[in-house]
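Residue-level structure breakdown
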Amino acid sequence: SSDRLVKIWDVATGAEVCTMTGHSGGLLCVSFSRDGKRVVSGSSDLLVKIWDVATGAEIWSSARHDCSDKCLCAMEINVYGDDAV
């Protein structure tokens, strides 16, 4: 999303559950953990972030890296919910 926001929606009601802010570039990829408790997001700001779905809090952020020649197209949170691959 170009607005740099990660939004969680309730599919049954269509209501917005929470908005996560912290990226300074447009989002390229977003993925849920298997248990649905965390979300990982990758952005054109060269950061990957892990968020807590219940609170919308940022749990972890990667160090900025130079991957301008790479394309981020898929991510997954490990089974422990504490690392993105």
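To keep things clear, this report deals only with the structure shown in the data block. (Residues numbered from 1 in each chain as written. Predicted model: local features only at pLDDT ≥ 70, side-chain atom pairs only at ≥ 80, totals over all residues. Heavy atoms only, no water.)

1. Notes on the nonpolar core
Within the largest apolar cluster, eight residues are counted, these being V6, I8, C18, M20, L27, V39, W51 and V53. Listed by contribution, the elements that provide at least two residues to this core are β1 (6-9) and β2 (16-20). (Core = buried A, V, L, I, M, F, W, Y, C linked by side-chain atoms within 4.5 Å. Buried < 20%, exposed > 50% of the residue type's maximum accessible area, 1.4 Å probe, protein only. Helix = DSSP H or I, 4+ residues; strand = E, 2+ residues; numbered from the N terminus.)

2. Quick word on the environment of I8
Among the secondary structure elements, I8 is positioned in strand β1. In sequence terms I8 and G56 are 48 residues apart; their C-alpha atoms lie 9.0 Å from each other. Ignoring any residue separated from it by four or fewer positions in sequence, one finds I8 in contact with A15, E16, V17, C18, M20, F32, V39 and V53. (Contact = heavy atoms within 4.5 Å.)

3. Considering the side chain of S33
Mapping S33 onto the fold places it in the loop between β3 (27-32) and β4 (38-43). At 2.6 Å, the side chain of S33 forms a polar contact with the side chain of D35. (Polar contact = N/O pair within 3.5 Å; in protein donor to acceptor, adjacent residues only side chain to side chain.)

4. A few points about the pairing of β3
Relative to β4, β3 runs antiparallel, the two being bridged by five bridges. Considered in β4, the bridge of L27 is made with S43. (Pairing = 2+ DSSP bridges.)

5. What about the sheet that holds β4?
Backbone hydrogen bonds hold the strands of a sheet together, and the pairing may be parallel or antiparallel. The antiparallel open sheet is built from four strands, whose spatial order is β3-β4-β5-β6. Only two strands of the sheet have a single neighbouring strand rather than two, namely β3 and β6 (58-61). Strand-to-strand twist in this sheet, taken as the mean axis angle between neighbours without regard to direction, amounts to 20°. Pairing analysis gives three bridges linking strand β5 (residues 48-52) to β6, with the strands arranged antiparallel. Looking at β6, one finds that K49 is bridged to S61. (Axes fitted to C-alpha atoms, helices over the stretch in contact; angles between N-to-C directions.)

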